[in-house]
Amino acid sequence: MFQRFTHSARQVVVLAQAEARSLRHNHIGTEHLLLGLLGETEGLAARILNELGVDRDDVHQGVVDYAGAGPVNQPDAVALDAIGIDLDAVRRRVEEAFGPNALERTRAARARTEKHRGVRARRHRRSCGEGHIAFTPRAKKTLELSLREALALGHGYVGTEHILLGVLREGQGLAALLLSRSGIDFDLARRRIVEEIGPDSNAG
Amino acid sequence: MSQTNKLATAASSRDPSVGLRAVASLRVLVEDLQELQIDNARSQGWSWQQIASVLGVSKQAVHKKYAGRRLLGRRR
């Protein structure tokens, strides 16, 4: 699948995976591909998206709004403060009874055990930056479409611009939703990209 | 702003993201404490049945989740 991808296009996929991981999501969707496209600033897609007024931080916020972020892995003292729980006080009491870092040790031991157990293990590996995150069917479709777009334009490679064309063509995923929320006219965007690369050009 | 004032302000916040973040953190904290206490109970010779009845859950639920893990016990 990725043989024909340019360096930048591969970067987009790598970044998409990193975005999914940092959001603690257990899939790579079209929204992560879009964040990857925006993050790979060397790529033509990022430039075109910027010119069309798509802002990376807005898209990121949109992803959080629509899809949320994955499970929290450790208690947040500030968040607990908000409901009147003093995490430091809890920790002090626990340590008086069970020794230094008892809470952290428990959590670490749980993480070690979960490494070897089903769903929680996978979730843990993901949250720790290990393991494989699968593409959603839509993201897979988007990547297939990007290859098809490249071939249709007579290009022997898949660049970031083709992935963007794939996102626009797929048209149904969260990426497309966020793009249309940014006020993008898909036909205009497609024309803009094709103008930029033309048949047989050598963009990234 | 003093620490107390800051807390009072946060506690009275109606911003869902403040409250929900607190709940998510609390859930993790509960998980940590539960595991710590169960491990302690086991190392003091409590049965799964005893632990489950104090926690108010079924014996199977506790056993399924925690059996086979020896946390603090391991370092002794």
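Residues numbered from 1 in each chain as written. Chains lettered and ligands numbered in written order. Predicted model: local features only at pLDDT ≥ 70, side-chain atom pairs only at ≥ 80, totals over all residues. Heavy atoms only, no water.

Peer 1: In this structure, what is going on with the overall build of chain B? I would like to understand it.
Peer 2: Along its length, chain B carries four helices and zero strands. For chain B, buried positions account for 30% of its 76 residues. In chain B, 46% of the contacts between residues at least 6 apart in sequence involve partners at least 24 apart. With the model as given, the accessible surface of chain B reaches about 5,000 Å², and the carbon-plus-sulfur share is 55%. (Helix = DSSP H or I, 4+ residues; strand = E, 2+ residues; numbered from the N terminus. Buried < 20%, exposed > 50% of the residue type's maximum accessible area, 1.4 Å probe, protein only. Contact = heavy atoms within 4.5 Å. Areas by Shrake-Rupley, 256 points an atom, 1.4 Å probe, with all protein chains shown as cover.)

Peer 1: I tried to follow the overall build of chain A on my own but got confused; where do I start?
Peer 2: Helix and strand counts for chain A stand at twelve helices and two strands. Overall, chain A shows an N-to-C arrangement of helices and strands of α-β-α-α-α-α-α-α-α-β-α-α-α-α. Counting across all 204 residues of chain A, residues that qualify as buried make up 45%. Counting contacts in chain A only where the partners sit at least 6 residues apart, residues at least 24 apart contribute 68% of the total. Of the roughly 10,100 Å² that chain A leaves accessible, carbon and sulfur atoms contribute 49%.

Peer 1: Where do I start with helix 11 (residues 174–181) of chain A in this structure?
Peer 2: Because each turn of an α-helix spans 3.6 residues, side chains separated by three or four positions end up pointing in the same direction. Residues and elements named next belong to chain A. The complete set of buried residues in helix 11 reads Leu174, Ala175, Ala176, Leu178 and Leu179. On its buried face, helix 11 sits against helix 2 (30–39), helix 3 (44–51), helix 4 (56–67), helix 10 (160–170) and helix 12 (186–197). Just downstream of helix 11 lies glycine 183, where phi reads positive at about 85°.

Peer 1: What exactly am I supposed to notice about the environment of Arg138(A) here?
Peer 2: Residues and elements named next belong to chain A. The residue arginine 138 is located in helix 9 (residues 137–152) in this model. For arginine 138, a relative accessible area of 40% puts it in the partly exposed group. Sequence separation between arginine 138 and threonine 30 is 108 residues, and the spatial gap between their C-alpha atoms is 6.6 Å. Ignoring any residue separated from it by four or fewer positions in sequence, one finds arginine 138 in contact with Thr30, Glu170, Gln172 and Gly173. Here the side chain of arginine 138 touches glutamate 170 through a polar contact of 3.1 Å, side chain to side chain. (Polar contact = N/O pair within 3.5 Å; in protein donor to acceptor, adjacent residues only side chain to side chain.)

Peer 1: I'm lost on the packing of aromatic side chains in this one. Help?
Peer 2: Each aromatic ring pair is characterised by the separation of its centres together with the angle its planes make. All names here are of chain A. All told, the structure shown has two aromatic pairs over all chains when counted by the stated rule. Seen from their ring centres, phenylalanine 2 and phenylalanine 5 are 5.0 Å apart, and the 85° between their planes marks the pair as edge-to-face. For phenylalanine 2, a relative accessible area of 29% translates into the label partly exposed. Each ring, one from phenylalanine 2 and one from phenylalanine 135, has its centre 6.4 Å from the other, and the planes form 45°; the classification is tilted. Of this pair, phenylalanine 2 sits in the segment before helix 1 (7–22) while phenylalanine 135 sits in strand 2 (residues 134–135), and the two are 133 residues apart along the sequence. The rings of Phe2, Phe5 and Phe135 are connected pair by pair, giving a single aromatic cluster. (Phe/Tyr/Trp six-rings, centres within 6.5 Å; stacked < 30°, edge-to-face > 60°.)

Peer 1: Is there a simple way to explain the packing of helix 3 of chain A against helix 12 of chain A in this structure?
Peer 2: Each packed pair of helices is defined by two parameters, the angle between the axes and the distance between the axes. Residues and elements named next belong to chain A. Closest axis-to-axis distance for the helix 3/helix 12 pair is 11 Å, and the angle between their directions is 135°. In terms of axis orientation, helix 3 runs oblique to helix 12. Here helix 3 and helix 12 pass one another in a crossing that is right-handed. In contact with Leu44, Arg47, Ile48 and Glu51 of helix 3, helix 12 contributes Arg192, Ile193, Glu196 and Ile197. The class makeup of the residues in the contact of helix 3 with helix 12 is four nonpolar, no polar and four charged. (Axes fitted to C-alpha atoms, helices over the stretch in contact; angles between N-to-C directions. Parallel < 35°, antiparallel > 145°, perpendicular 65-115°, else oblique. Left-handed = near helix turned anticlockwise from the far one by under 90°. Nonpolar A, V, L, I, M, F, W, Y, C, P; charged D, E, K, R; others polar.)

Peer 1: Is there a simple way to think about the confidence of the model for chain B in this case?
Peer 2: A low pLDDT means the predicted coordinates there should not be read in detail. Residue and element names in this part refer to chain B. On average, chain B scores 76 in pLDDT, and the residues at 70 or more come to 67%. Helix 3 (residues 48–55) holds the highest mean pLDDT among the elements of chain B, 93, whereas helix 1 (residues 3–11) holds the lowest, 48. Counting contacts from residues 72–76, a segment whose pLDDT is below 50, to residues more than four positions away or on other chains yields nine contacts. (pLDDT = per-residue confidence, 0-100.)

Peer 1: Could you clarify how one ought to interpret unusual backbone geometry in this entry?
Peer 2: All names here are of chain A. One non-glycine residue, arginine 24, lies in the positive phi region at around 60°. Tracing the backbone through its elements, the reader meets arginine 24 in the loop between helix 1 and strand 1 (27–28). One non-glycine residue with positive phi stands out, namely asparagine 101, at about 55°. Position of asparagine 101 relative to the elements: it lies in the loop between helix 6 (87–98) and helix 7 (102–114). Here asparagine 101 falls in the partly exposed class, since its relative accessible area comes to 43%.

Peer 1: Can you help me understand the pattern of salt bridges in this one?
Peer 2: A side chain of one charge can pair with a side chain of the opposite charge when the charged atoms of the two come close. Applying the stated criterion across every chain, the model contains 13 salt bridges over all chains. We note a salt bridge from Arg107(A) to Asp32(B), for which the minimum N-O separation is 2.6 Å. Residue Arg107(A) is located in helix 7, and its partner Asp32(B) is located in helix 2 (residues 16–43); the two belong to separate chains. For Arg190(A), the salt bridge is made with Glu149(A), and the minimal N-O distance between the two is 3.2 Å. Taken together, the positions of Arg190(A) in helix 12 and Glu149(A) in helix 9 put the pair 41 residues apart, joining distant regions of the chain. Take Glu149(A): its relative accessible area is 8%, and that puts it in the buried class. Ionic contacts of the salt-bridge type, sharing partners, join the residues Arg47(A), Glu51(A), Arg192(A) and Glu196(A) into one network. (Salt bridge = Lys/Arg side-chain N within 4 Å of Asp/Glu carboxyl O.)

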